[in-house]
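Residues per chain are reported as follows:
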Amino acid sequence: MGPFSAVLFLLGVIMFFVGRNRNNDDLFDHPRFGRGSLFDTPEQNRIKCMIMGILFIIAAVAMWVYLAIKGEPEPLLDYSSLMNRNSSQ
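One structure accompanies this document, and this report is about it.

1. Here's the deal with the pattern of salt bridges
Here is step 1 of the chain: Following the criterion strictly, the structure yields two salt bridges and no others.
Here is step 2 of the chain: Put simply, Asp25 and Arg46 hold a salt bridge, and the shortest N to O gap is 2.6 Å. A residue pair is termed long-range when its members are at least 10 positions apart, and Asp25 in the loop between helix 1 (2-20) and helix 2 (42-70) and Arg46 in helix 2 qualify at 21 residues.
Here is step 3 of the chain: Judged by its relative accessible area of 23%, Asp25 falls in the partly exposed class.
Here is step 4 of the chain: Residue class for Arg46 comes out buried when judged on its relative accessible area of 4%.
Here is step 5 of the chain: For Glu43, the salt bridge is made with Arg46, and the minimal N-O distance between the two is 3.9 Å. Of this pair, Glu43 and Arg46 both sit in helix 2, three residues apart, which is roughly one turn of the helix.
Here is step 6 of the chain: Beyond isolated ion pairs, a larger network of salt bridges with shared partners links Asp25, Glu43 and Arg46.

Definitions and limits used
- Residues numbered from 1 in each chain as written.
- Predicted model: local features only at pLDDT ≥ 70, side-chain atom pairs only at ≥ 80, totals over all residues.
- Heavy atoms only, no water.
- Salt bridge = Lys/Arg side-chain N within 4 Å of Asp/Glu carboxyl O.
- Helix = DSSP H or I, 4+ residues; strand = E, 2+ residues; numbered from the N terminus.
- Buried < 20%, exposed > 50% of the residue type's maximum accessible area, 1.4 Å probe, protein only.

Pasting the structure below:
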């Protein structure tokens, strides 16, 4: 959970800073970018990217707060070694 939140945070920061620059509208000119209709302008798609970046940052910080309070979750049991141990007895 820790490495995933770090990747999510970095992706959110990149998306935020790319979406914040008004000169990057030509990067968002593709008609399939974003979840809206096909008639969204590049500026609207850029703003959507910036908002998604902010949401990714919030999600990563929420994961870090959870990990600070609860700690890293315990890994699941390794069933193959458990089965080998039981079958050898």
